[in-house]
Amino acid sequence: MRRTTVATAVALPLLLAGGLLAVTGCDAEKKASQKAELSVSGAYMPQPAMDDMAAAYFTVKNDGGKADTLTKVTSPLSQDVTLHTTEGSQMKHTEELEVPSKGELTLSRGGTHLMLGKLAHKPKEGEKIEFTLHFATSAPIKIQVPVEAASYRPTAPQG
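Below you will find a few notes about this structure. (Residues numbered from 1 in each chain as written. Predicted model: local features only at pLDDT ≥ 70, side-chain atom pairs only at ≥ 80, totals over all residues. Heavy atoms only, no water.)

A closer look at the overall build of the protein chain
Cut-off, in case you're wondering: Strands are runs of DSSP state E lasting at least two residues, helices are runs of H or I lasting at least four, and both sets are numbered from the N terminus onward. Working definition: with a 1.4 Å probe on protein chains only, accessible area under 20% of the residue-type maximum means buried, over 50% means exposed, and in between means partly exposed. Contact between two residues is taken to exist if any of their heavy atoms lie within 4.5 Å; hydrogens are not considered. The Shrake-Rupley method, run with a 1.4 Å probe sphere, supplies the accessible areas, and residue values consider only the shown protein chains as cover.
Counting its secondary structure elements, the protein chain contains 1 helix and 10 strands. Seen in sequence order, the protein chain has helices and strands lined up from the N terminus as α-β-β-β-β-β-β-β-β-β-β. Per-residue burial over the protein chain gives 34% buried out of 159 residues. Residue pairs in contact within the protein chain that sit at least 24 positions apart in sequence constitute 71% of those at least 6 positions apart. Accessible surface for the protein chain amounts to roughly 9800 Å². Of this, 56% is attributable to carbon and sulfur atoms.

Laid out in structure tokens, this is it:
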């Protein structure tokens, strides 16, 4: 009887510790899947018609299990980069744009987009413009955005 009690006293904490490790491992996996997993594709900037204003477009894809929010975009080309939505024919400034979990945020002509004012120079077709996308919880993402012809329209779905 005493051997059984000693064996149980030694084995029980080990079994419990093993169970806690297994639970901790599951929690770590669950937390990992509850993060945003962001990538950017389809970025372009039409060559602007004006010297002091431009627009840019891209898609942010989120393969993660948690939504994130695009809070700001910066670029050496402009100190005045703003986020805009379009409702009907009205363009409206917004402070942030949601990137849904298991979904995407698409910036496109006639819809949600970036506006750049007070340009450092007028971008030309073939040039690449650096942007940094800032998010509420994810690390910033730097992208190189090609300047396309003013009439450029992507033919393939972005994303």
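Here we look at the environment of Met91
Here Met91 shows up in strand 5 (residues 90–94). Taking the C-alpha atoms as reference points, Met91 and Thr112, 21 residues apart in sequence, are found 8.7 Å from one another. With near-sequence residues (within four places) excluded, Met91 lies in contact with His84, Thr85, Thr86, His113 and Met115.

Notes on the pattern of salt bridges
The criterion, for reference: Counted as salt bridges are all cases of a side-chain nitrogen of Lys or Arg within 4 Å of a carboxyl oxygen of Asp or Glu.
Enumeration according to the criterion identifies 4 salt bridges in this entry. Between Lys92 and Glu87 there is a salt bridge, and its shortest N-O distance comes to 3.3 Å. For Lys92, a relative accessible area of 38% corresponds to the partly exposed category. A salt bridge links Lys142 to Glu130, with the nearest nitrogen and oxygen atoms 3.5 Å apart. In this pair, Lys142 sits in strand 10 (residues 141–148) while Glu130 sits in strand 9 (residues 128–135), placing the two residues 12 residues apart along the sequence. Among the residues examined, Glu130 registers a relative accessible area of 29% and is labelled partly exposed.

A word on the packing of aromatic side chains
The condition that has to hold: Pairing of aromatic rings covers Phe, Tyr and Trp, the last through its six-membered ring, and needs centres within 6.5 Å; plane angles under 30 degrees mean stacked, over 60 mean edge-to-face, and all others mean tilted.
Using the criterion set out here, one finds 2 aromatic pairs in the structure. Here Tyr44 and Tyr152 contribute two aromatic rings whose centre-to-centre distance is 4.9 Å and whose plane-to-plane angle is 70°, an arrangement assigned as edge-to-face. Note that Tyr44 is positioned in strand 1 (residues 38–46) and Tyr152 in the segment after strand 10, a separation of 108 residues in sequence. In this structure Tyr152 comes out as partly exposed when scored by relative accessible area, which is 30%.

Points about the nonpolar core
Our working rule: Each nonpolar core is a collection of buried residues, namely Ala, Val, Leu, Ile, Met, Phe, Trp, Tyr and Cys, held together in the definition by side-chain atoms within 4.5 Å.
Of all hydrophobic cores here, the largest spans 28 residues; its most connected members are Met45, Phe58, Leu70, Leu114, Leu116, Phe131 and Leu133. Excluding its chain neighbours within four sequence positions, the residues that come into contact with Leu114 are Ala54, Ala55, Ala56, Phe58, Val73, Val81, Thr82, Leu83, Leu107 and Phe131.

Description of the environment of His84
Basically, it comes down to this: Counted as a polar contact is a pair of N or O atoms within 3.5 Å, where, for protein atoms, one must be capable of donating a hydrogen and the other of accepting one, and residues adjacent in sequence contribute only when both atoms are in side chains.
Mapped onto the elements of the fold, His84 is located in strand 4 (residues 80–87). As a C-alpha pair, His84 and Glu95 span 11 residues in sequence and 8.4 Å in three-dimensional space. Those residues in contact with His84 that lie beyond four places of it in its chain are Met91, Lys92, His93, Thr94, Gly111, Thr112, His113 and Met115. Of note is the side chain of His84, whose polar atom sits 2.8 Å from the side chain of Thr82.

Concerning the pairing of strand 10
Put simply, the rule reads: Here, strands pair whenever DSSP counts at least two bridges between them.
Residues Ile141, Ile143, Val145 and Val147 of strand 10 are buried on one face, while the alternating residues Lys142, Gln144, Pro146 and Glu148, pointing to the opposite face, are not. Summarising the sheet, strand 1 and strand 10 pair through 2 bridges and their orientation is parallel. Considered in strand 10, the bridge of Met45 is made with Val147. Alignment of strand 9 against strand 10, held across 6 bridges, turns out to be antiparallel. Paired with Ile129 across the bridge in strand 10 is Val145.

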